[in-house]
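# Reading the structure
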Amino acid sequence: MKPLELILSAFGSYGGTERVDFEKMRQGLFLITGDTGAGKTTIFDGITYALYGQTSGRRREGDMMRSQYASDTDETYVAFTFSERGKVYTIRRNPAWLRRSRRKNKAGEYALTKESAKVELIMPDGKAFPGKMKETDQKIVEIIGMDINQFSQVSMISQGDFMKLLLASSRERKEVFSRIFPTKIYWQIQNNLSEQEKKLYGQLEDVRKVCQHEIENVQCLPESPYTEKWKEKGSFSDIDNRVLMKLLEEMNEEAEQREKALQISLKEADRLLAAAQEIQEKERRSNRVSEEMKALEDELPQLSENVRAAGAILKEVRSQYEREWPKKQEQWLILNREMPEYDKLSQEERALVRLGKTLESCTVAAERTAKKETETKQLRELLEQEQEGLKNSGVRLAQASQKLEECGEKMSVLKQLWNKKPLWEKFLSEDEAAKQKAVKSLSDYQEMSRRYDSLYEQFIASQAGLMAQKLVEGEPCPVCGAVHHPAPCLNENIEEIVDRSRVDGAKADREMAEKAVEKSRLKCQKLAEAGAELKSGILHDAGALIPDSAELFEGKGFWTTVHDMGRACRSAIEAAKGQWQQAQDGCERFEANGEKLKKLEKEQDALHMDYIKLVQQQAALSSEKKSRTDSLAAMKSKMSFTSKTEAEQRLSNLKREMEQLKKALDKAEADLETWTEKQHLKQGQFGERQQMLKQTELELAQAKAKYSALLETSGWPPETEYCVLEAKREALAGEEKDIYAVRQTNVKIYERLERLLADYGGEQENFARVRHLSRIANGQMAGMVRIDFQTYMQRRYFEQMVDAANRRLAGMSGHQFLLECRELENLGRQGEAGLDLDVYSLVNDSVRDVKTLSGGESFMAALALALGMADVIQQEAGKIHVDTLFIDEGFGSLDENARNQAIRILNELAGNDRLVGIISHVSELKEQIEQKIVVTKTNKGSSISM
């Protein structure tokens, strides 16, 4: 990466815009010098900020880099142009900063608004890279080939940083190398192994705890011979658990045998209980049949009485049915024949109602039509009266239009006059200024003339004095020819001797002042002509409106009069507009009323004709209503009932009474039949129960004989009761259930332990292997150096750095000493080690600690180590070649010889294709290094010169 140009605007100590043109620098060394705090390192900060958005030491954020000398409107940004592999790129980046707003706020003040951070990358084709800030930063790293950590070590070697690296402990170097070299993968490997070890150990502990929990849940049977053995041997072992599992297996076999013996006893008890239950069932059945026979025997007499009563009721109901049914049937037939006449009567009544409603509607319509006709007539009269008042609206409209036009013309003239007021005021101002300038020019001319005249007189006197000094007695005077010179004019009496150049200068000043007077005169004349023309136009426009306008214009009330007339004219226009609008509305209403009157006249005639028709229709409907009323009265006199509803109600009642007679007869017959059937049913059931009782007594005797035989076979007393058997059976069942629960629990525990112990063995082997690898990778092996995997790999880079550093250090130190990476066998056993550094003396063949170096030796060793690190970083970062290198301070601690050696090494480092910049204020370097960038500190910010 080769820098081409750097622009710093309001950045750091630079209040304005400063440009560093690196293309002007020839290859080799160049010096960045200036006062302390002037901003020498800020140049490299600007490059680092442009590339990565951070300063070189990362001690300040980008937001903190805005210059304290910048104004509210000065923009803070860095623009950096560089070439990479023959292609030119430009980066423009600005931090977030507060600028003055472009518009004032409500209070009329300029507020501060925040400008957000931005970055722009211009590619070699001149187009901006299309991406947000994050994508652009990634693209820049991709182009450079280094992140900020690597770039800071390769391109900017700061005394504080590389001296710190020289004297750092192994642990501190490890942290630095972790940020620069790609060794994080090795740390991840050792960390993953450590985490895996912890995880596997935790899993083993979980399995052990689960196994112990299962063992604690194992139960022993009451009075078991294995109880004491289990207390003795029933615990988990990390080595061998076969004895434990064998003992648990024997305990499960014991429980199974005792469970089988109890199941046999339970089956025997179940047979006895079943036989006893059969006897109880037979006895309950016999008692139930006896009770049913007793109930039937009590129920039969009542059924016989119910049959007799039902027969008597049937006889009475049949007699009533035969008396009343024929009479009601005859009445129903007669009334049914009359029903069509009632339909005709209903139709006539509905027709009469409709006729009445029509007559009523016709009457209402006639009254409404008469009322509307009256209202229409009244409205016509009102409109005719209004038309009488509006007939002169046309004349008033013409008068208002004329008035409005006159006022508009007057207002137009007044506006033209008022628009010329600023022109007249401008003329007066310019005329006054021109006159003052003319007076000033005349005064200057007079002063220049007096000065010229005075100098000219002094010049003549000086010339005469000079000639008098050259006069010789007896020789003729070149002016008057006299040979005697009794009183020559000598220069001792002249206050000041004036030469020709001063006279000519005064003459030129006078001529220039004369030209200024002429220029002022011409300008005043031109302004006077323009003012006269403007005044003439104003008086011409005002002549027709303002009396004595010329006299008024010379005074102070002309423009006030124009303003007052304009305001009065505006009021007159508004009044005329109101009159015109009123007259226009009157004309429009006059025309509209005419149309309305014609329409109302037609409506009134139509309403009168409608009223006559409605009156005629009303008379015809009244006559028809009377005729229909008389006809309806004659029809009602011939009917049995006054309405069809009454006739239908009577028909319905007759039908219901006939149905009730029929239902009563049917019910009496059904009741007699029901009671007779029940009597026969109960008599049959009583006979069946007698047979069932005999059969039940026989089965009961057989069940008792069977139960006695089973008791004798099982060894129970002959008179053993059912409750005794049941209690014995429950005790056996409870014991069998408890043993079953214990056996099931222990069997499941055995199965789970079997699986857990199998897994535990495999996990133990895996844990041992991972633990061994983790201790090796993390440097935790007993009796070995505590060097982890990452440090071991970083040691390779460290050895390369030391080799590269020694190639330069040998020459810089005059072959006095070298650096060497401490051998593994010499490393300590406590704390982190592996990246320790020693000094090997070439003079006395001894090794000592690097901290024993003097100040100058430390600087040379640190510089060589930093340059060696830069070489290794470039090599590891894809053979990247950095064309410019900055070295910050440190040369003040070197003597002349060491400084010369360091400069020689840096010149060799620069070669023919690299720039090496030294940031220093050491005065000797200013003499040794020809190319310089000088940073000058002022009260308004620093500036850069090359």
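Residues numbered from 1 in each chain as written. Predicted model: local features only at pLDDT ≥ 70, side-chain atom pairs only at ≥ 80, totals over all residues. Heavy atoms only, no water.

If you check an unreviewed UniProt entry, the protein appears there as Nuclease SbcCD subunit C from Frisingicoccus caecimuris. The record in UniProt for the protein states the following under Subunit (unreviewed entry): "Heterodimer of SbcC and SbcD." In its Sequence similarities (unreviewed entry) section, the UniProt record describing the protein reads: "Belongs to the SMC family. SbcC subfamily." (UniProt positions renumbered as here; feature names shortened; annotations may be inferred.)

This brings us to the overall build of the protein. Helix and strand content of the protein: 19 helices and 16 strands. When the backbone C-alpha atoms are referred to their principal axes, the protein occupies close to 210 × 135 × 45 Å. The proportion of buried residues among the 946 residues of the protein is 37%. Summed over all atoms, the accessible surface of the protein reaches about 56900 Å², with 50% contributed by carbon and sulfur. Considering the protein, the positive charge centre built from 144 side chains and the negative charge centre built from 157 side chains are found 4 Å apart. (Helix = DSSP H or I, 4+ residues; strand = E, 2+ residues; numbered from the N terminus. Buried < 20%, exposed > 50% of the residue type's maximum accessible area, 1.4 Å probe, protein only. Areas by Shrake-Rupley, 256 points an atom, 1.4 Å probe, with all protein chains shown as cover. Lys, Arg positive; Asp, Glu negative; His and termini not counted. Charge placed at Lys NZ, Arg CZ, Asp CG, Glu CD.)

Right, let's get into a negative patch on the surface. A cluster of like negative charges, contributed by E249, E253, E751 and E754, occupies part of the molecular surface. Residue position: E249 is located in helix α8 (residues 242-390). (Patch = residues over 30% accessible without salt bridge, like charges linked within 9 Å, V, L, I, M, F, W, Y side chains within 5 Å. Salt bridge = Lys/Arg side-chain N within 4 Å of Asp/Glu carboxyl O.)

Time to look at the sheet that holds strand β12 (residues 846-849). Two pairing modes exist for strands in a sheet, parallel and antiparallel, and in both the strands are linked by backbone hydrogen bonds. Read across the sheet, three strands follow the order β10-β11-β12 without closing on themselves; strand pairing throughout is antiparallel. Every interior strand has two partners, whereas the edge strands, β10 (817-821) and β12, have only one. Recorded for the sheet is a direction-independent mean angle of 35° between the axes of neighbouring strands. Strand direction decides the pairing type here: β10 and strand β11 (residues 837-841), joined by five bridges, are antiparallel. (Pairing = 2+ DSSP bridges. Axes fitted to C-alpha atoms, helices over the stretch in contact; angles between N-to-C directions.)

Our next topic: the sheet that holds strand β2 (residues 14-21). The sheet built from five strands is open, its strands ordered β2-β1-β4-β5-β8 with antiparallel pairing. Each of the sheet's edge strands pairs with one partner strand only, and the pair in question is β2 and β8 (118-122). Adjacent strand axes in the sheet meet at a mean angle of 10°, parallel and antiparallel pairs treated alike. Contacts between helix α1 (residues 40-52) and the sheet are confined to β1 (2-11), β2, β4 (77-84) and β5 (87-94), with β1 contributing the most and set at about 100° to the helix. Set on the sheet, helix α2 (residues 133-144) makes contact with β4, β5 and β8; between it and β8 the angle comes to about 45°. (Contact = heavy atoms within 4.5 Å.)

With that settled, the discussion passes to the nonpolar core. With 46 residues, the main nonpolar core has L166, F177, M801 and L819 as its most contacted residues. With eleven residues, helix α17 (residues 855-876) is the single largest residue contributor to this core. Excluding its chain neighbours within four sequence positions, the residues that come into contact with M801 are L165, F177, F181, L865, G868, M869 and V872. V20, V119, M123 and I143 belong to the second largest nonpolar core, which has 40 residues in total. (Core = buried A, V, L, I, M, F, W, Y, C linked by side-chain atoms within 4.5 Å.)

This part covers the pattern of salt bridges. Close approach of charged atoms allows side chains of opposite charge to pair. Evaluation of the coordinates by the stated rule reveals 35 salt bridges. The residue E259 makes a salt bridge to R743 at a minimum N-O spacing of 2.6 Å. Of the two residues, E259 sits in helix α8 while R743 sits in helix α15 (residues 722-777), which places them 484 residues apart along the sequence. Exposure class is identical for E259 and R743. Each is buried. The partner of R822 in a salt bridge is D849, with the nearest N and O atoms 3.9 Å apart. A residue pair is termed long-range when its members are at least 10 positions apart, and R822 in the loop between β10 and β11 and D849 in strand β12 qualify at 27 residues.

Turning to the packing of helix α5 (residues 170-180) against helix α16 (residues 789-812), a few remarks are in order. With their axes 10 Å apart at the nearest point, α5 and α16 run at an angle of 85° to one another. When the axes of α5 and α16 are compared, the pair comes out roughly perpendicular. Here R173, K174, F177 and S178 of α5 come into contact with α16, specifically with Q790, T791, Q794, F798 and M801. Class assignment for the residues of the contact of α5 with α16 results in three nonpolar, four polar and two charged. (Parallel < 35°, antiparallel > 145°, perpendicular 65-115°, else oblique. Nonpolar A, V, L, I, M, F, W, Y, C, P; charged D, E, K, R; others polar.)

Axis separation between helix α6 (residues 184-216) and α16 bottoms out at 7 Å; the angle between their running directions is 160°. Taken as axis vectors, α6 and α16 run roughly antiparallel relative to one another. The element α6 and its partner α16 pack so that their crossing is right-handed. Between α6, through K184, Y186, W187, I189 and Q190, and α16, the contact on the second element is made entirely by F789, Q790 and M793. (Left-handed = near helix turned anticlockwise from the far one by under 90°.)

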